[in-house]
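# Survey of secondary and tertiary structure
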Amino acid sequence: MFIKQQRCSALVCDQQDSLVCVQMNDAIGFELPWVYFVSLVIFGSFFVLNLVLGVLSGFVTFHQIQVISLFKHALMLQLFLVFV
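Residues numbered from 1 in each chain as written. Predicted model: local features only at pLDDT ≥ 70, side-chain atom pairs only at ≥ 80, totals over all residues. Heavy atoms only, no water.

Before going further, it helps to examine the overall build of the protein chain. Along its length, the protein chain carries three helices and zero strands. In the protein chain, the succession of helices and strands from N to C terminus is α-α-α. For the protein chain, with 84 residues in total, the buried portion stands at 11%. Carbon and sulfur atoms provide 74% of the accessible area of the protein chain, an area that totals close to 7200 Å². (Helix = DSSP H or I, 4+ residues; strand = E, 2+ residues; numbered from the N terminus. Buried < 20%, exposed > 50% of the residue type's maximum accessible area, 1.4 Å probe, protein only. Areas by Shrake-Rupley, 256 points an atom, 1.4 Å probe, with all protein chains shown as cover.)

The way to describe two aromatic rings as a pair is by their centre distance and the angle between their planes. Tallying each qualifying case throughout the model produces one aromatic pair. A ring pair is formed by Tyr36 and Phe37, whose centres lie 5.1 Å apart and whose planes are at 75°; its orientation type is edge-to-face. (Phe/Tyr/Trp six-rings, centres within 6.5 Å; stacked < 30°, edge-to-face > 60°.)

We now examine the environment of Pro33. Within the fold, Pro33 resides in helix H3 (residues 33-83). Relative accessible area serves as the criterion here: at 2%, Pro33 is assigned to the buried category. When the C-alpha positions of Pro33 and Gln23 are compared, they lie 9.7 Å apart, and in sequence the two are 10 residues distant. Ignoring any residue separated from it by four or fewer positions in sequence, one finds Pro33 in contact with Cys21, Met24 and Asn25. (Contact = heavy atoms within 4.5 Å.)

This is the structure we're talking about:
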């Protein structure tokens, strides 16, 4: 049991996940738990990356709209001053 716990902890588990990993090793053996933890890390990182990119995209779009509206306002003000 100690060898399985040490192998699992060294490969894919953090200190907080080691109990879960040991319980999975006891239930189904050493072959499958690493697939679960590796896929969790990969899909979780993609999910967080998509959230961050979505927020940044919305932020940039908002500021682009503000800059365009300010540019249009300045252009209209210049045209008004030229014709007055």
